Amino acid sequence: WEEIAYIYTENTVTYVKRVDGKITTSNNSLDELFNDLDESLFFRANRQFILSINSIHKILRYGNNQLKIEVKPESDINIIVSKNKAAEFKKWLNA
């Protein structure tokens, strides 16, 4: 799991992006994958994204108490943590 940067869905396909930038697909849903991951290392940012703590490059304030996460390797899709999850996200980062 160390090589996973983040996991996301787009057009009903689940993609796994590795730290080296390679992308693979998975037949599992984000929920199924998240259940198998170490919750100290991975966070369910929103319906579309699971982040690895190691891939987080920058955390920016965004809109109304939301957070925009910049990751390495870069994502073409904006990763937004809702204001409802922002506190949980910050707690997870500091755990």
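One can find the structure itself at the top, above this paragraph.
Bear in mind that the values here come from a model prediction, so they are computed numbers and not experimental data.

Undergrad: When you look at the sheet that holds strand 1 (residues 4-10) in this model, what are you seeing that I'm missing?
TA: Pairing between the strands of a sheet is mediated by backbone hydrogen bonds and can be parallel or antiparallel. Strand order in the open sheet formed by five strands is 3-2-1-5-4, with antiparallel pairing between adjacent strands. This sheet does not close on itself; its edge strands, each paired only once, are strand 3 (23-26) and strand 4 (42-44). This sheet shows a mean twist of 20 degrees between the axes of neighbouring strands, independent of strand direction. Here helix 2 (residues 83-94) sits on the sheet and contacts strand 4 and strand 5 (49-52); the angle it forms with strand 4, its principal contact strand, is near 175 degrees.

Undergrad: Looking at this structure, I do not really get the side chain of Ser-55. What am I missing?
TA: One can find Ser-55 in the loop between strand 5 and strand 6 (56-62). Judged by its relative accessible area of 3%, Ser-55 falls in the buried class. The contact partners of Ser-55, leaving out residues within four places of it in the chain, are Ala-5, Tyr-6, Glu-70, Val-71 and Lys-72.

Calculation notes
- Residues numbered from 1 in each chain as written.
- Predicted model: local features only at pLDDT ≥ 70, side-chain atom pairs only at ≥ 80, totals over all residues.
- Heavy atoms only, no water.
- Pairing = 2+ DSSP bridges.
- Helix = DSSP H or I, 4+ residues; strand = E, 2+ residues; numbered from the N terminus.
- Axes fitted to C-alpha atoms, helices over the stretch in contact; angles between N-to-C directions.
- Contact = heavy atoms within 4.5 Å.
- Buried < 20%, exposed > 50% of the residue type's maximum accessible area, 1.4 Å probe, protein only.

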